[in-house]
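Here's the letter readout for the chains.
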Amino acid sequence: MFGFDKMFDFNRDGKLDSWERAAQFQFMDEMMKDDEKSIFDDDDEIDTFADAGLDYDELEFMDPDERREVLEDAGLDMAKEDPYRVGTAIGSGVGSLQAIEREYTKLVEKGPGRVNPIFVPLMISNMACGNVSIQFGLQGKTINDVTACATGTNSIGEAFRSIQYGEADVMVTGGTEGSVCPTAIAGFAALTALSSVDDPTKCSLPFDKNRSGFVLGEGAGVVVLEELEHAKARGAKIYAEVVGYGCSADAYHITSPLEDGAGAARAMTNAMDDAGVKPEEITYINAHGTGTHHNDLFETRAIKLAFGDHAKDIRINSTKSMIGHLLGAAGAVEFITCVKEIEEGYIHRTVGYETPDEEMDLNYCKDAYEEEVPYALSNSLGFGGHNASILIRRYEA
């Protein structure tokens, strides 16, 4: 059972990324209680608002009702739930590079006394998960998986496992990332992972022969996973079912997938085995599909290895062709894409795909399809050899 969220859209000026804002504004709210605004008036003290580029008097804090969008969409009333049975699994692939950049600059230019006192909470990646737990009183299992670009999928998969194992009835889960900043751009550019094309209509071309790398994106996706009988008992709207989850490690290279695709293939077959689903039953895959030479070629090999001759009958698309690569949030947003495609009977095209590559001869959805989608398999592959696949099924009441 799923609810959809804009939890991290704080409508600010973009100078802080998602979990930074959650931590910093909560901290500022506490500091401002009982008219303690004077703590920021001394120029010799660290001015949290100025550090953030904000004027407190002009801030329009997010309406509390908007913060609850995911829980409201799920119809989840925490007053009626055991909070220790409602957990959180929200991950970020890299944490806050902005906080590191900003505070290191202050350290070098102004000395250690000018470093933000909550620099560490602003930086560490588990604060997205922690702040959601704090905000909504979710006192169950709270975990932060960090598996680079597989983070979102692993977070949802581990939430699924937690419910299967009986550790929770409900898990609020997904991924968030806001890492468009000089350090990230420079780092990925040095790896030659970023697109080298200036034309915005040609810069993100997953599976295309003319692909040259990915476009770095930002975003967040959060869903509510719930044990089926628990959801039915309270009359929840059920969008789809998670039925399988599989992982593997390439144990090969820090950035490149296994060249024969065996690691990613094993994650897919593990997910299908977990669900008791035969390869021939899968008709749609939401691929990791970054637009880099290695990923798209080796993921194609992985799909062929996992599905054999049936691979040619599968619709394969890349959501990154439209939104870029969201790193730790990618798998979560793509998971939501799969759910919506199942719900609407629509498989989106891989935007920009035109020119087939010689070895990459599968159906990469040059065009969209309007058809029933009984299953959706979503893949995420992360630096370090992390492979994760999650299998979603159309819900039949």
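Worth saying up front: this structure is predicted, and the values here are computed from it rather than measured.

Undergrad: Go over the overall build of the protein chain with me, naming the residues and quoting the values.
TA: Each helix and strand in the protein chain was counted, giving 14 helices and 11 strands. Within the span of the protein chain, comprising 397 residues, buried residues form 55% of the whole. Carbon together with sulfur atoms contributes 50% to the accessible area of the protein chain, which is approximately 16900 Å² in total.

Undergrad: Break down the packing of aromatic side chains for me, with residues and values.
TA: Tallied over the full model, the rule gives 4 aromatic pairs. On the numbers, 4.4 Å between centres and 10 degrees between planes, the contact of Phe207 with Tyr364 is stacked. Of this pair, Phe207 sits in the loop between α9 (182-190) and β4 (219-226) while Tyr364 sits in the loop between β8 (346-347) and β9 (369-370), and the two are 157 residues apart along the sequence. Judged by relative accessible area, Phe207 falls into the buried class, the value being 0%.

Undergrad: Quick one: what's the story with the environment of Gly324, residue by residue and with numbers?
TA: If you trace the backbone, Gly324 turns up in the loop between α13 (320-323) and α14 (330-344). Judged by its relative accessible area of 6%, Gly324 is buried. Separated by 110 residues in the primary sequence, Gly324 and Phe214 have C-alpha atoms spaced 6.5 Å apart.

Undergrad: Mind laying out the pairing of strand β10 (residues 375-382), listing which residues take part and the relevant values?
TA: Along a regular strand, successive side chains alternate from one face of the sheet to the other. Taken across its 8 residues, β10 has 8 buried, putting it largely inside the fold. Neither face of β10 is left uncovered, since the one carrying Tyr375, Leu377, Asn379 and Leu381 and the one carrying Ala376, Ser378, Ser380 and Gly382 both have all their residues buried. Relative to β10, strand β6 (residues 284-286) runs parallel, the two being bridged by 2 bridges. What sits directly across from Ile285, in β10, is Leu377. In the sheet, β10 pairs with strand β11 (residues 386-394) via 8 bridges, with the strands oriented antiparallel. Residue pairing for β11: Tyr375 is matched across the bridge by Arg393. What sits between the antiparallel neighbours β10 and β11 is a turn of 3 residues, in which Gly384 has the positive phi angle 95 degrees.

Undergrad: Run through the side chain of Ser380, naming residues and quoting values.
TA: Looking at the secondary structure, you find Ser380 in strand β10. A polar contact is formed between the side chain of Ser380 and the side chain of Thr153, at a distance of 2.6 Å. If near-sequence neighbours (up to four positions away) are discounted, Ser380 is found in contact with Cys149, Ala150, Thr153, His288, Gly331, Glu334, His386, Asn387 and Ala388.

Undergrad: Describe in detail the packing of helix α11 (residues 262-275) against helix α12 (residues 293-307), supporting the description with residues and values.
TA: Relative to each other, α11 and α12 sit at 45 degrees, their axes nearing to 8 Å. Relative to α12, α11 is oriented oblique. Every pair of crossing elements has a handedness; the one defined by α11 and α12 is right-handed. Facing α11, whose interface residues are Ala262, Ala264, Ala265, Met268, Thr269 and Met272, α12 presents Ala302, Ile303, Leu305, Ala306 and Phe307. Split into classes, the residues belonging to the contact of α11 with α12 amount to 10 nonpolar, 1 polar and no charged.

Undergrad: Requested: an account of the packing of helix α8 (residues 151-164) against α14, with residues and values cited.
TA: It is the contact of α8 with α14, at a shortest axis distance of 5 Å, that shows an interaxial angle of 65 degrees. Comparing the axis directions of α8 and α14 gives the class roughly perpendicular. Each of Gly152, Thr153 and Ile156 in α8 lies in contact with α14, whose residues at this interface are Gly331, Ala332 and Phe335. A breakdown of the residues in the contact of α8 with α14 according to their chemical character gives 3 nonpolar, 3 polar and no charged.

Undergrad: Please provide a residue-by-residue account of a nonpolar patch on the surface, values included.
TA: The grouping of Tyr104, Leu107 and Val108 at the surface amounts to a nonpolar patch, some 310 Å² of accessible area in total. In this fold, Leu107 is placed in helix α5 (residues 97-110).

Undergrad: Any details on the sheet that holds strand β3 (residues 170-177)? Residues and values, ideally.
TA: Strand order in the open sheet made by the 4 strands is β2-β1-β3-β4, with mixed pairing throughout. The sheet is open, and its two borders are formed by β2 (142-143) and β4, each paired with just one other strand. Where strand β1 (residues 86-91) and β3 come together, 6 bridges link them in parallel fashion. Within the sheet, the bridge partner assigned to Gly87 lies in β3 and is Met171. Together, β1, β2 and β3 form the strand contacts of helix α7 (residues 127-136), whose direction differs from that of β1 by roughly 150 degrees.

Undergrad: Break down the nonpolar core for me, citing the residues and quoting the values.
TA: Inside soluble globular proteins, nonpolar side chains tend to come together where they are buried. In this structure, Ile282, Ile285, Phe307 and Ile316 are the most contacted members of the largest nonpolar core, which totals 28 residues. With 6 residues, the single largest contributor to this core is α12. With residues near it in sequence (within four places) discarded, Ile282 still touches Met272, Val277, Phe307, His310, Ile314, Tyr375, Leu377 and Leu391.

Undergrad: Provide a residue-level description of α8, including the pertinent values.
TA: With 14 residues, α8 extends 20 Å between its outermost C-alpha atoms, agreeing within 8% with the 20 Å of an ideal straight helix rising 1.5 Å per residue. The element α8 is largely enclosed, with a buried count of 11 among its 14 residues. The complete set of buried residues in α8 reads Thr151, Gly152, Thr153, Asn154, Ser155, Ile156, Gly157, Ala159, Phe160, Ser162 and Ile163. Trailing α8 by a residue or two, Gly166 shows a phi angle of about 90 degrees, which is positive.

Reading the values: the criteria
Residues numbered from 1 in each chain as written. Predicted model: local features only at pLDDT ≥ 70, side-chain atom pairs only at ≥ 80, totals over all residues. Heavy atoms only, no water. Helix = DSSP H or I, 4+ residues; strand = E, 2+ residues; numbered from the N terminus. Buried < 20%, exposed > 50% of the residue type's maximum accessible area, 1.4 Å probe, protein only. Areas by Shrake-Rupley, 256 points an atom, 1.4 Å probe, with all protein chains shown as cover. Phe/Tyr/Trp six-rings, centres within 6.5 Å; stacked < 30°, edge-to-face > 60°. Pairing = 2+ DSSP bridges. Polar contact = N/O pair within 3.5 Å; in protein donor to acceptor, adjacent residues only side chain to side chain. Contact = heavy atoms within 4.5 Å. Axes fitted to C-alpha atoms, helices over the stretch in contact; angles between N-to-C directions. Parallel < 35°, antiparallel > 145°, perpendicular 65-115°, else oblique. Left-handed = near helix turned anticlockwise from the far one by under 90°. Nonpolar A, V, L, I, M, F, W, Y, C, P; charged D, E, K, R; others polar. Patch = residues over 30% accessible without salt bridge, like charges linked within 9 Å, V, L, I, M, F, W, Y side chains within 5 Å. Salt bridge = Lys/Arg side-chain N within 4 Å of Asp/Glu carboxyl O. Core = buried A, V, L, I, M, F, W, Y, C linked by side-chain atoms within 4.5 Å. Expected span 1.5 Å × (residues − 1).

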